Structure formats: structure tokens, C-alpha cells
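Here's the letter readout for the chains.
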Amino acid sequence: MTTVALKPATMAQALTRAMRDAMATDPAVHVMGEDVGTLGGVFRVTDGLAKEFGEDRCTDTPLAEAGILGAAVGMAMYGLRPVVEMQFDAFAYPAFEQLISHVSRMRNRTRGAMPLPITVRVPYGGGIGGVEHHSDSSEAYYMATPGLHVVTPATVADAYGLLRAAIASDDPVVFLEPKRLYWSKDSWNPDEPPAVEPIGRAVVRRPGRSATLITYGPSLPVCLEAARAAESEGWDLEVVDLRSLVPFDDETVCASVRRTGRALVVHESGGYGGPGGEIAARVTERCFHHLEAPVLRVAGFDIPYPPPMLERHHLPGVDRVLDAVGRLQWEAER
Amino acid sequence: MTVMEQRGAYRPTPPPAWQPRTDPAPLLPDAAPYRVLGTEAAAQADPGLLRRLYAQLVRGRRYNVQATALTKQGRLAVYPSSVGQEACEVAAALVLEDRDWLFPSYRDTLAVVARGVDPVQALTLLRGDWHTGYNPREHRVAPLCTPLATQLPHAVGLAHAARLKGDDVVALAMVGDGGTSEGDFHEALNFAAVWQAPVVFLVQNNGFAISVPLAKQTAAPSLAHKAVGYGMPGRLVDGNDAVAMYDVLSDAVRHARAGGGPTLVEAVTYRVEAHTNADDDKRYRADSEVTAWREHDPIDLLEQELTARGLLDEDGIRAAREDAETLAADLRARMNQDPALDPMDLFAQVYAEPTPQLREQRAQLRAELAAEAEGTH
């Protein structure tokens with residue numbers, strides 16, 4: 001057995017590699033969006049694809065999100081597999097009508113005759129000092145739309161595997177890329193990229209016994225750090241990375257909560273009407289008799305995304321997570 | 001005095017590197033809608049084509065009347081009539097080859113039927129049965145599109161994809177005058193022109209977007225003028241003149257197929273009936289206006305031409321009407337049967353594989369149906 005040298009790769013590089021491998025494997029895969037060609041995307045996630053596959057396969061489109069996604073619908077109707085980049089989270093809003101009225105329901109309305117294998121890549125979330133409209137967490141909107149898969153990786157390996165799975169999916173996938181993790185690194189073997197994970201499975205990132213932190217995307221590193229910090233307080237926290245918001249992996253989440261008896265949902269989008277409310281309800285409905293405390297949420301505030309100089313007060317950090325973990329004592333408070 | 005008014009102070013010289021991309025003159029539409037019927041040019045029209053158009057117009061009118069009657073009997077949830085617009089509908093379908101694609105809006109059922117889709121299947125959406133009753137791939141007809149203008153970028157993407165694959169395919173997309181105010185109209189036209197996609201955009205300007213007249217919809221000299229700003233030709237045509245419609249649309253299709261890129265065609269026509277059966281058109285227009293347009297009826301115009309040229313007599317008219325009557329009778333008979341819907345289909349096509357959540361909900365509905373069947377619910 002030969003040992004292969006592991007090399008550090010960033011999440012952005014893993015995403016690029018996933019698109020490159022998908023394009024090389026399947027000529028139907030087309031990447032399109034604003035600045036994805038010559039520039040390689042504003043985050044350089046599509047770097048080199050136009051050069052390698054030509055501008056017909058990696059296309060700089062006019063600046064118009066509804067047009068980009070609408071054209072992708074027609075391309076998918078003709079048998080292509082478009083991978084669309086929405087440059088920033090809030091830039092995707094002009095394309096909402098196409099996403100909600102067509103992309104999500106074309107399979108359903110045509111009774112299966114016309115599935116749309118479209119991947120919509122959305123760099124999302126804050127923490128990079130972006131000005132207004134560059135830091136939204138819009139996952140709740142997507143989750144509320146039947147017909148869409150909603151996927152968000154938190155590790156370099158998942159960025160590769162889940163994007164490959166998304167592109168291979170015969171259904172539309174909103175692929176949320178936590179942009180503040182674009183430059184996070186991990187070691188992997190570039191010659192044998194990680195296996196493609198099926199969409200819809202959560203994973204336990206850190207086993208523990210005293211409470212479950214349920215999280216995804218940009219909040220995973222926060223939760224892992226909080227779990228390390230909590231050790232000194234005697235808390236042995238389990239951390240579940242959802243990876244997929246639709247479909248939702250009730251099984252993995254509920255198995256964890258039944259083991260620990262306490263649950264805390266952590267995400268940076270707003271709490272009211274946010275993913276945490278749905279997750280807390282699901283956990284309560286399924287695990288009520290195992291719960292030692294109410295399911296708590298640590299979320300961003302219910303405000304328009306704040307300016308960069310204030311965003312650290314908005315984003316749930318380790319301290320806010322630890323405070324909430326303290327509140328999971330519950331019995332002591334009763 | 002503004003700067004613009006100070007002669008000499010304003011130098012209208014563009015920066016050195018700037019060049020106009022195209023001469024707008026060839027892109028501009030004619031000042032008046034293009035007409036064939038009633039002009040000398042009509043004598044040149046192919047008799048076979050005229051007869052084919054006539055037969056389809058008569059069928060189309062009968063279909064419109066029958067579908068409207070079905071709404072009154074509660075067999076259709078809604079029907080947006082295209083009476084008076086049949087020439088646009090029929091021409092849109094007839095100019096396409098089998099391999100081409102049609103992208104209809106919700107008022108274009110007739111074009112879908114003229115393209116060969118089963119008349120009952122074409123009404124599935126409006127009946128309240130499943131949303132799209134036909135397989136879009138079978139006849140290369142996209143689902144009837146209810147949101148306005150959102151199907152236009154689909155047509156662009158499909159035509160673009162076909163060209164990338166080396167296929168000789170044209171997409172024809174239909175939209176109303178109101179739809180031209182939507183952002184998707186703009187984005188679709190812009191994409192089509194930039195990509196030189198083989199698309200024909202057909203705007204049926206029928207005078208009203210529900211109750212709002214064209215003058216409140218746009219300040220443009222005509223909707224066809226909008227083409228110039230995108231860098232594509234705009235054509236203005238009499239939408240009640242079936243031969244003119246066929247001419248202009250087949251020109252545009254040929255142009256697209258030859259790699260010339262998209263064309264915007266504005267058909268000037270009129271919706272002689274209300275928006276749908278739920279609309280009261282007396283609130284927003286005068287009877288005299290409707291009457292004037294009824295006198296410019298697409299079937300009458302063609303019938304006069306055919307009769308004058310000796311291509312149609314009483315027997316021919318009767319034969320066309322009998323054919324249309326057969327269509328209507330078949331439609332009536334089949335629409336008067338209750339469709340059999342399977343409630344479990346609700347979950348069948350949300351995703352390729354149902355999510356665990358949908359599997360649970362499917363089991364719930366199945367149990368409810370079983371209980372209902374046993375009378376225990």
C-alpha cells in the first residue's frame with residue numbers, strides 16, 4: 001500500500017475541483033453566471049473552468065439573475081445540467097420568481113416529464129466584512145419551497161462531495177456556500193477526492209453525552225470551538241452538522257438528542273421564522289420524553305444584516321453558544 | 001437655460017474608443033402594421049397555405065366558443081378566450097417545424113392545440129386537473145405559463161442549448177402586451193440578443209392587460225420598437241391578418257434558423273371577449289370599440305380573400321364548419337367526463353425520490369383514504 005501525500009486545500013478549491021470533475025465526466029454540465037468565466041468568479045470558485053472547457057461550457061452571462069436562472073431552466077429542458085452561480089446571497093432575490101414559480105415545480109407540474117437538474121450555487125452568510133446585500137442568510141426562504149433541495153457544506157471534503165452530488169441530482173439543488181469558510185483549509189488527497197456523499201444525511205462531527213448542538217454551514221466551526229471550550233465546564237457536547245436542510249435528516253438528529261437529552265440549534269440567520277424554529281419543533285415532536293430541557297436556539301438577531309463594523313455583535317459566536325448551553329441546565333433554573 | 005441648450009458649450013462627441021454597435025435603422029419596425037389580405041400582395045399567397053390557415057381559424061374559433069361554454073357549465077375552472085386572436089395563435093403553431101419548440105402563455109391554448117396537442121390535454125391546467133396535461137417533450141410545447149413573461153428566458157435557454165448541441169431548432173415564445181412590462185421580458189430579450197439565440201418573441205398586443213389599456217402599459221411608439229434597444233429587429237404586423245402573421249413569423253423563424261438571432265414580432269390584435277369569465281369588460285371599454293374590432297375579424301378577412309380568389313365557396317365554408325363542429329363535439333363529450341385523479345399522485349413528482357418527510361405524509365394520506373373508504377373517518 002502506497003502512502004499518498006495529503007495536501008491542504010481550501011473549500012473554494014474543493015468546489016472548483018468538484019465542478020471541474022463534473023464537467024469532465026458529463027458534457028451536459030454547464031457553468032454560468034456573472035464573472036464566472038474570464039475572472040473565475042469574484043471568489044475565484046470557477047477559476048480556470050472557462051479556459052479548460054471553453055466559454056460555451058463556462059459562460060459569462062449578462063448581469064441579470066432572473067435571466068440567468070430562467071435561461072438555465074430552458075437549458076435544462078433541453079438536456080443540459082446547468083450550474084448557476086448567484087454572485088452573492090442577496091443578488092439571488094431577482095431570480096426568486098424563476099426559482100419558486102418554475103425551477104422548484106417543473107417536475108411536479110409536468111408529472112415527471114420535465115425534471116430540472118439545476119444547481120444554484122449561492123455564496124451566503126456574513127463574517128467577511130461585506131457591505132449591505134453581501135451577507136444575507138436566505139436558507140429559510142429556500143427551505144420553505146417544496147421541490148428544492150437545500151444543501152450547505154461546512155468542510156472542505158463535503159464541499160467537494162456534496163457539490164458533486166448536487167450536480168448529479170436530477171432535481172434542482174440550492175447549494176449554499178458559506179463564504180466565510182471559502183478559505184478554510186483541510187488536508188486531502190487531490191488525486192482521490194473524497195467520496196460523493198448522498199444528499200440528505202447529517203453527520204456527527206463530535207460525539208458527546210451532555211447536549212447536542214445542531215448546526216450547519218458557517219456555524220459549524222463556532223460550535224466545534226464552543227464544544228472544546230465547554231469541556232472545562234464539564235460539558236461533553238455532541239455536534240451534529242446537518243449538511244442538508246432539505247431533505248432533513250430527522251433520524252441522525254433525533255438519535256443524537258435522545259442520547260444527550262438536550263438540544264441547541266445554532267445558525268446565523270434570524271431566529272424568527274428561521275430554520276431553528278422548524279428544527280426545534282421537529283426535535284420536540286419526536287423526542288419530547290427524552291428531553292431534559294426545552295430545545296433552545298442561538299440565531300442571528302431578527303434584523304436586516306448589519307453593517308460590517310457591527311456584524312460581530314449579530315453573528316452567534318462561541319460565547320453566545322456557551323451561554324445557551326448553560327441555560328440547558330434547566331432543572332437548576334426550575 | 002440648461003447646458004444642453006447652450007449651443008457650443010455641449011460637444012456631442014463620444015469618447016474616442018466608442019463606436020455604435022449597429023445601425024438601428026434596419027432593426028426598426030415599419031410605421032404601420034404589415035398587412036397582406038386586402039392588398040395586391042395577397043394574390044401571391046399560396047392557395048394551399050390560405051386554405052390550411054382558414055381551416056385552422058374556423059376550428060380555433062369553434063374551440064374558443066366551446067371552451068367558453070364549458071366554463072359556464074363548470075367543466076373548466078377558467079378559460080381566457082382568444083376569440084379575435086386566432087390568426088396569431090394558428091400562425092404561431094404552423095410556422096414551426098416538428099423539432100422546434102413553442103412556449104405559450106396561459107391565453108395560448110389554441111396555439112398548443114394547433115401544434116397538435118390533444119384538445120382535452122391542452123385544457124388540463126384550466127380544468128383544474130393536473131397542471132400540465134401533456135408531455136412537453138412529445139410535441140415540444142412548454143407548459144402553459146401562468147406567471148407573465150417568465151417563460152421567455154426558458155425559450156432563450158432552450159434555443160441556446162440546442163444551438164450549443166448543434167441542433168437546428170428554433171423556439172417561439174408568446175407573451176401579451178402586459179407581459180412586456182415585466183422584468184423577465186427585458187432579461188429574455190437581452191440574453192437572446194447577446195447570445196444570438198434562435199428565438200422568435202411573439203407579442204400579442206390585444207389592447208388590454210385585464211383592464212389596463214396599452215397607453216398605460218408603455219410609452220413606446222410600439223412594442224416592436226423595443227427590439228431596437230436590444231439589438232434585434234422588430235416587426236409590426238396586423239395580428240388579425242393570418243397571412244401577414246404567417247409571413248412575418250416564418251421570416252423570423254428562417255432568420256433565427258439561419259443563425260441571424262432573435263426577432264421581436266408585435267401582432268396588433270384585439271381581445272374581443274373579456275379577460276376571462278371572471279372579468280367584466282364593460283367597466284373598462286366601450287361596446288363601440290369592441291364592435292369595430294369584430295368588423296376586422298380574422299376569419300372574415302381571410303374568407304373574403306379566399307372567396308374573391310375563387311378558392312372557397314359555400315361548400316368549402318360548410319366543410320370547414322363541419323370539421324370544427326366535430327372538434328367541438330369531441331371536446332364536449334370528453335370534457336363532460338369526470339377525470340379520475342389519484343390523490344397519491346400529490347407526492348409522486350415533488351422530487352425524483354420522495355424525502356423522508358414526504359414519505360411520512362404520503363403514509364398519512366394513505367391511511368386517511370383507507371379510513372374514508374371504510375367509512376370510519
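Before reading on, note that the structure itself is shown above.
Residues numbered from 1 in each chain as written. Chains lettered and ligands numbered in written order. Predicted model: local features only at pLDDT ≥ 70, side-chain atom pairs only at ≥ 80, totals over all residues. Heavy atoms only, no water.

**Some details on the interface of chain A and chain B**
Then step 1. At the interface, 44 residues of chain A touch 41 residues of chain B.
Then step 2. Taken over both partners, the interface formed by chain A and chain B buries close to 3,600 Å², and the fraction arising from carbon and sulfur atoms is 62%.
Then step 3. Applying the counting criterion to the chain A and chain B interface returns 2 salt bridges.
Then step 4. The partner of Arg 111 of chain A in a salt bridge is Asp 345 of chain B, with the nearest N and O atoms 2.3 Å apart.
Then step 5. Where chain A touches chain B, the interface holds 20 residue pairs in polar contact (both at pLDDT 80 or more).
Then step 6. Mapped onto the side of chain A that touches chain B, the elements with two or more residues apiece are β2 (29-33), α3 (65-77), α4 (96-103), α5 (106-109) and α10 (275-287) of chain A.
Then step 7. Residue contributions to the side of chain A that touches chain B peak at 10 residues, all from α3 of chain A. (Contact = heavy atoms within 4.5 Å. Buried area = accessible area lost by both parts, 1.4 Å probe. Salt bridge = Lys/Arg side-chain N within 4 Å of Asp/Glu carboxyl O. Polar contact = N/O pair within 3.5 Å; in protein donor to acceptor, adjacent residues only side chain to side chain. Helix = DSSP H or I, 4+ residues; strand = E, 2+ residues; numbered from the N terminus.)

**A short note on the nonpolar core**
Then step 1. Core analysis: the largest hydrophobic core is formed by 87 residues, its most contacted members being Leu 69, Met 77 and Ile 118 of chain A together with Phe 201 of chain B.
Then step 2. Among the elements that line this core, the one with the most residues is α3 of chain A, at 8 residues.
Then step 3. Setting aside residues no more than four positions away along its own chain, Phe 201 of chain B makes contact with Leu 152, Val 156, Ala 173, Ala 188, Leu 189, Ala 192, Met 232, Pro 262, Thr 263, Leu 264 and Val 265 of chain B.
Then step 4. Core analysis: the next-biggest nonpolar cluster, separate from the first, contains 66 residues, Leu 37, Met 174, Leu 249 and Ile 317 of chain B among them. (Core = buried A, V, L, I, M, F, W, Y, C linked by side-chain atoms within 4.5 Å. Buried < 20%, exposed > 50% of the residue type's maximum accessible area, 1.4 Å probe, protein only.)

**A short note on the state of the cysteines**
Then step 1. Scanning all chains against the criterion turns up 0 disulfides over all chains.
Then step 2. Unpaired in this structure, Cys 254 of chain A has its nearest cysteine sulfur neighbour in Cys 287 of chain A, at a distance of 3.7 Å.
Then step 3. Given a relative accessible area of 3%, Cys 254 of chain A falls into the buried group.
Then step 4. We note that Cys 88 of chain B lacks a disulfide partner, and the nearest cysteine sulfur, in Cys 145 of chain B, lies 19 Å from it. (Disulfide = S-S within 2.5 Å.)

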